Structures are given as structure tokens and as C-alpha cells.
There are 2 protein chains.
Amino acid sequence: MSVEAKKRVPLSRERVLAAAVEIADAEGIDALTMRALAERLGVEAMSLYYHVANKAALLDGVADAVVGEILAAVTPTSAKDGADGEESGDPAPGLTASGAPSSDPSFDWRATLRTRVLAARAVLLRHPWAPPLLTRPGAFGPAAVFYFEGVLAILVRGGFSYDLAHHAIHALGSRAIGFSQELFTPGDATPDESDEVLEELAAQLPHLMGMLSEISHDDPASNLGWCDDQAEFEFGIDALLDGLEAARRRTSV
Amino acid sequence: MSVEAKKRVPLSRERVLAAAVEIADAEGIDALTMRALAERLGVEAMSLYYHVANKAALLDGVADAVVGEILAAVTPTSAKDGADGEESGDPAPGLTASGAPSSDPSFDWRATLRTRVLAARAVLLRHPWAPPLLTRPGAFGPAAVFYFEGVLAILVRGGFSYDLAHHAIHALGSRAIGFSQELFTPGDATPDESDEVLEELAAQLPHLMGMLSEISHDDPASNLGWCDDQAEFEFGIDALLDGLEAARRRTSV
DNA sequence: ACCTGAACACCGTTCAAGT
DNA sequence: ACCTGAACACCGTTCAAGT
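Residues numbered from 1 in each chain as written. Chains lettered and ligands numbered in written order. Predicted model: local features only at pLDDT ≥ 70, side-chain atom pairs only at ≥ 80, totals over all residues. Heavy atoms only, no water.

### Here we look at the relation of the copies chain B and chain A
Let me state the cut-off plainly: What sets the superposition is a least-squares fit of C-alpha atoms, and only residues with pLDDT of at least 70 in both copies go into it. We call two residues contacting when some pair of their heavy atoms lies within 4.5 Å.
When chain B is fitted to chain A, the residual RMSD is 0.0 Å, and the transformation amounts to a turn of 180 degrees plus an axial shift of 0.0 Å. Here the copies are linked by what is in effect a two-fold axis. Most of the interface of chain B is mirrored in chain A, where 100% of its interface residues are also at the interface.

Here you go:
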């Protein structure tokens, strides 16, 4: 027994994935190597291959683990564990007792979806390395399936046909799960050209120059970095929800 | 002279980047290694470091090369090369002679931007490996600056303030340059569970099952794969443009 | 069933050296 | 100024072997 107490708890897929998330959180995704992961678990690198097929499968698993965290954040836990509300006698929201989709005129799908998306975003802000992982082919795992079942339920209950809801989910893209691909990240904007060349260049970019001079002055609230990502994200999701609501109204006439 | 003819043309940054694009087009981005690139250029791997700082700089350069191709596709070439229309005596579109932004009520910013975005998309469809590159920090190069100057010009001429145009560009995100991050790419959807487990799972996903059964049947036009990406992209950009037009109208009252 | 040790092929990158 | 050769540190992964 005393020997047993010293014996280390055996590895499991769950422990491997949890340790991988810890490494990525602490040191970034590039630091997540098979060797580093093994070391953190007090094990040799090759042992990992007993629990994950290879590195790609590891990253897929990590992605699904993060989505699982998102799922937990948007799923109200019921009093009894294991009962997730879908198992009661009542039909699921947006479904009649016979299983046909049914909309609910008093239901604010827009606000509900917005809240869900922002909650997902809050989780991703704790794992800023995760978004690129979620777009990898193969990263769409079980947790994502349940997350999007929820999104779909909101849309259907809000009056979207399955067809339109399908388009809407594509239109939302990564925004449906709380992030948007930023194309910018200027990072190290170190102009290594001479002032003269720079001025000539600026002359060819009148609108960009105009925008920059206006933006940097008139919004004292956005002094963290250049653009407030949270505010931009909310503007973007709202514009998209506006467009989707217009599409919904068009079809439900 | 006869010896000179045999001498190979010296490397240049441009030739390195062009060869890199060729490799990615032919064999995918993972095949783009420093060693493979050198071999294609008939040179030793270390020679590349004379023209690009390191691999990250190479990828940044490749990204800007692709954006350059996009820029060429959306920029109508004038009769005289070198004159790009901004150098005439007329003010740039969307600017008064004094340089202040001015909108043009008869200008259809929505259709113009839509056309530009779809043209950019057409280029990216030829380089399907490129989108992930464009989202890397540091990938926003000179070509992207000029591309977005053009986007901004369209918005301003269409009646957007610089501030609103700035939000709009963030809202468009990667869509502004012709792609949207697909979260799906089911790829190898090989359910390795038993039928019984699968059925139980399906019972928990009523909307997803409902949508799948409806989608797969009712649209005979979308038989290439599962979702027609081009159609979904267009639906998405249209929904977003609708939302942005609503925002523009709100501010210009 | 679970873990290890040694080895392999392949990376990006350094450095000093060639012309 | 431009390119090379040899070497280094580090990957993911194989295979046969241990318990």
C-alpha cells in the first residue's frame, strides 16, 4: 500500500489534453511539443503515442477541449448532474412534441445568440492561442457538434428555417464561436524607409492617412493598443445579426 | 560570352518569393521548406538567407506576394504603365480637391465593394493555402496597405465616415479580402462508434439531425461536396453588407 | 496494457569560409 | 556581394523491447 501511494497515476487521454492546454496557456502554442508535453507529465515522449495517434490528433483533441470549455460556459448546469434538460418530457426548445421545428414569436433569438457568442469569446480570451487551432481541418469535434446544436436551436426557435439557419451559421463563421480572424496585427510597424520615401507613399494613401489621423484622436476610450478588439467584435457581430434578421424577416413574410 | 550565357541568373528576393508560391501551389504549404525552396532554385539552402531574414520573413513575403496578385486583379491597369490614376489633376475618388472626404450619392458602394471582394476571392481560390498565411501577425505588407486604401476609398465615397469605415473594415475581417474562416471542414467524418451509440447521440441533436435531413435533399444544385462555399460566401458577405448599409444610413441621417 | 530507449529522417539556423 | 559546407539543436515518429 505504501508503495502504491507513490506510484504515479497512469496517463489518460484527458490528462494529456489538459497538460497540453496548460503548456499552451503558459508558454504559447509553439512550446507545445511532444517532448515538452511528455516532460510536464513526467513521462517519456513516446508514451504519449499510446493515448493520441500523433501530433495532429493531439491538436484536434486540444481544440475540442477548448470548445468543451466554451460549451460548459454557455450550458446552464441543471441541479441534477447528467440531466441536461433535453431529457425531460418536454420537447426541446424550437421543437414541437412531434419533433417538427416551431418558432416562438416572443423569443429574442438575436439577444440570446449574441450572449452565447460573447460568452464563447470570453473563454477564448483566456486561450488566445486557440482560434487558429479551431480552424484546422479535423478540429470540429464532439463539443463543437453540441455547441452548434445549441446555435441551431436558437435560430430555429427564432423563426429561421433549417435552410436559412444553415446559411446563417456559415455567414457567422468563426464569429459563431466567439472570434474573428483579424487580418491586421500590425505588430512591428517599423518603417525602415527614409522620411522622403515615406512621405511620397503617404501621398498615395490619402484615405488611409485621413482615417489614421482621425481615429487616433477622437476616441479617448480606445487607448489600449490601436483598436479595441472587443468593441470591434461587437460592432461586427451586431452588423451581421442585423443582416441575418433582415434575411429572416424576408422569408417569414 | 559563351561562359556568361551558362552562368545562372543571380537570386533575388522576387525570384525566391515566386518560387515559394510555385511550390505551395504545386505541393501545398507544408512542402515549402527552406531546403525544398533552395533545391527548386538550384541553390544551397543557406543562400536563401541572403535574401530573406528567416522562414517567418519568407512566409510574410509570400503572403504579400499573393495580396499583390489580388491587388493587380482589382486595379484596372491604365493605358500608360506607371500612371495609376491617382496622379492626374483630379482629386482621388471620395476626396474633394482640398483633400477632405466627400461622399457621392449616386455611387453604389455596396456593389463596388462586393465586386472587389469577389475578385479577391477568385485569386485566393487559385492559392487555397494562402488564407492561413494572411492571418499571421506580420503578414500585413505593402500590397495589403494599398488594397485596403482601395476598400476605404469605396466606403468613404459611399458615405461612410472614417470612423464608421474603420469599424466596417474590422467587421468585414478576412471577408474584405475574399475569404472566410470556415470552422467546419469535416474532412474525414468517420464515425467509429457503434450504431447504437450513434443513435443515442442523434437523439440529443434534434436540430442538427433535422437540418441535415432537410439540407441534403432539397438543394439539387449543391452537389459538389456538402455546402457550396461560393454560395455561402456570397450569402455571408451580402448579410454583412446589409448590416453595414443599415449602419451607414443610421449615421447619415 | 502501458511505458521506455535508441535510432531515423527531417527541420530551421549558426558560423566560418570560399569566390 | 553573393553563395557554400559542415555542423548544431530540435522536431515528430519508427521500432523492438521492456514490465
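On we go.
### Digging into helix α4 (residues 55-74) of chain A
As a reminder of what qualifies: Numbered from the N terminus, helices here are DSSP runs of H or I no shorter than four residues, and strands are runs of E no shorter than two. Here, expected helix span is obtained from the residue count minus one, scaled by 1.5 Å. Each residue is placed in one exposure class: buried if its accessible area under a 1.4 Å probe, protein chains only, is under 20% of its type's maximum, exposed if it is over 50%, and partly exposed if it falls in between.
Here α4(A) spans 29 Å end to end across 20 residues, near enough to the 28 Å set by a 1.5 Å rise per residue. When we look at burial in α4(A), the residues that qualify are L58(A), L59(A), D60(A), G61(A), V62(A), A63(A), D64(A), V66(A), V67(A), I70(A), L71(A) and V74(A).

### Concerning the interface of chain B and chain A
The condition is simple: Throughout, the accessible surface (probe 1.4 Å) given up by two parts as they are put together, summed over both, is called the buried area. Salt bridge, as used here: a side-chain nitrogen of Lys or Arg that lies within 4 Å of a carboxyl oxygen of Asp or Glu. Here a polar contact is taken to be a pair of N or O atoms separated by no more than 3.5 Å, where protein atoms must pair a possible hydrogen donor with a possible acceptor and residues adjacent in sequence count only if both atoms sit in side chains.
Residue-level contacts link 57 residues of chain B with 57 residues of chain A. Roughly 5700 Å² is buried in total at the junction of chain B and chain A, and carbon and sulfur atoms are behind 66% of that figure. For the chain B face of the interface with chain A, the top three residues by lost area are H170(B), L183(B) and H207(B), together amounting to 15%. At the boundary of chain B and chain A, one finds two salt bridges. Linking R250(A) and D242(B) is a salt bridge whose minimum nitrogen-to-oxygen distance equals 3.2 Å. Linking chain B to chain A there are 13 residue pairs in polar contact (both at pLDDT 80 or more). Broken down by secondary-structure element, the contributors of at least two residues to the side of chain B that touches chain A are α7 (142-157), α8 (162-172), α10 (206-218) and α11 (229-251) of chain B. Considering each element in turn, the side of chain B that touches chain A owes the most residues, ten residues, to α11(B).

### A word on the side chain of R248(B)
All names here are of chain B. Structurally, R248 is set in helix α11. Given a relative accessible area of 15%, R248 falls into the buried group. When sequence neighbours within four positions are dropped, the list of residues in contact with R248 reads W109, G158, G159, F160 and L164.

### Let's talk about the protein's contact with DNA strand D
Rule in force here: Consider each residue's heavy atoms; a residue with any of them within 4 Å of a molecule or strand counts as near. Lys, Arg, Asp and Glu make up the charged group, whereas Ala, Val, Leu, Ile, Met, Phe, Trp, Tyr, Cys and Pro make up the nonpolar group; the residues left over, Gly among them, are polar.
In the vicinity of DNA strand D, 17 residues are found, and the nearest of them are R35(A), K55(A), E44(B), S47(B) and H51(B). Close to the protein, within 4 Å, the atoms of DNA strand D are drawn from sugar and phosphate at a rate of 56%. Within the backbone of M34(A), one N or O atom sits 3.1 Å away from a phosphate oxygen of DNA strand D. One of the side-chain N or O atoms of H51(B) is found 3.5 Å from a phosphate oxygen in DNA strand D. Its residues assigned to classes, the surface near DNA strand D shows eight nonpolar, four polar and five charged.

### Topic: the packing of helix α4 (residues 55-74) of chain B against α7(B)
Residue and element names in this part refer to chain B. The cut-off we apply is this: The axes used here are C-alpha line fits, helices contributing only the stretch in contact, and every angle between their N-to-C directions lies in the interval 0 to 180 degrees. In this scheme the handedness of a crossing depends on how the near helix is turned from the far one: anticlockwise by less than a right angle means left-handed, clockwise means right-handed.
Between α4 and α7, whose axes approach to 8 Å, the crossing angle comes to 30 degrees. Judged by the sense of rotation from one axis to the other, the crossing of α4 with α7 is left-handed. Of the residues in α7, those in contact with D64, V67, G68, I70, L71 and V74 of α4 are P142, A143, A144, F146 and Y147. Split by residue class, the contact of α4 with α7 holds nine nonpolar, one polar and one charged.

### Some details on the protein's contact with DNA strand C
Near DNA strand C, the surroundings consist of 17 residues, among which S47(A), H51(A), R35(B), M46(B) and K55(B) are the closest. The sugar-phosphate share of atoms of DNA strand C within 4 Å of the protein amounts to 57%. A distance of 2.5 Å is found between a phosphate oxygen of DNA strand C and a side-chain nitrogen or oxygen belonging to S47(A). In this structure, a phosphate oxygen belonging to DNA strand C sits 3.0 Å away from a side-chain N or O atom of Y50(A). For the surface near DNA strand C, the class distribution of residues is eight nonpolar, four polar and five charged.

### A few points about the environment of R175(A)
Mapped onto the elements, R175(A) comes out in the loop between α8 (162-172) and α9 (195-203). It is 8.5 Å that separates the C-alpha atoms of R175(A) and F233(A), two residues lying 58 residues apart in sequence. If we skip the residues at most four places from it in the chain, R175(A) touches V117(A), S180(A), F233(A), G236(A), I237(A), L240(A), H170(B) and A171(B).

### Topic: the nonpolar core
One broad rule of soluble globular proteins: the nonpolar side chains tend to lie buried together. Note the cut-off: For this analysis, a nonpolar core means a set of buried residues of the types Ala, Val, Leu, Ile, Met, Phe, Trp, Tyr and Cys, connected via side-chain atoms within 4.5 Å.
Core analysis: the biggest nonpolar cluster contains 144 residues, and L37(A), L58(A), Y147(A), L37(B), L58(B) and Y147(B) have the highest contact counts within it. Setting aside anything within four residues of it in sequence, one finds Y147(B) in contact with V67(B), I70(B), L71(B), V74(B), R116(B), V117(B), A120(B), A176(B) and I177(B).

### Here's the deal with the environment of A18(A)
All names here are of chain A. With respect to the helices and strands, A18 occurs in helix α2 (residues 13-27). Taking relative accessible area as the criterion, A18 reaches 40% and is therefore assigned partly exposed. For the pair formed by A18 and V62, sequence separation is 44 residues and the distance between their alpha carbons is 7.8 Å.

### Side note on the pattern of salt bridges
With the rule as written, the count across this model stands at 20 salt bridges over all chains. R40(A) serves as the salt-bridge partner of E22(A), at 3.0 Å between the closest nitrogen and oxygen. Pair noted here: E22(A) is in helix α2 and R40(A) is in helix α3 (residues 34-40), with a separation of 18 residues, a long-range link. Owing to a relative accessible area of 40%, E22(A) belongs among the partly exposed residues under this scheme. You can call R40(A) partly exposed: its relative accessible area is 43%. For E234(A), the salt bridge identified is with R114(A), shortest N-O distance 3.2 Å. Of this pair, E234(A) sits in helix α11 (residues 229-251) while R114(A) sits in helix α5 (residues 109-126), placing them 120 residues apart in sequence. On the basis of relative accessible area, E234(A) is assigned to the partly exposed category, the value being 24%. What emerges from the salt-bridge pattern is a single network uniting R110(A), D242(A) and R250(B).

### Looking at the packing of helix α5 (residues 109-126) of chain B against α7(B)
All names here are of chain B. As a reminder of what qualifies: Orientation labels follow simple angle bins: below 35 degrees gives roughly parallel, above 145 gives roughly antiparallel, 65 to 115 gives roughly perpendicular, and whatever is left gives oblique.
Across the interface, α5 lies against α7 with an axial gap of 9 Å and an inter-helix angle of 160 degrees. Between α5 and α7, the angle is such that the two are roughly antiparallel. Both α5 and α7 take part in a crossing whose hand is left-handed. Counting all contacts with α5, which are made through W109, T112, L113, R116, V117 and A120, the residues of α7 involved are Y147, G150, V151, I154 and L155. When its residues are assigned to classes, the contact of α5 with α7 shows eight nonpolar, two polar and one charged.

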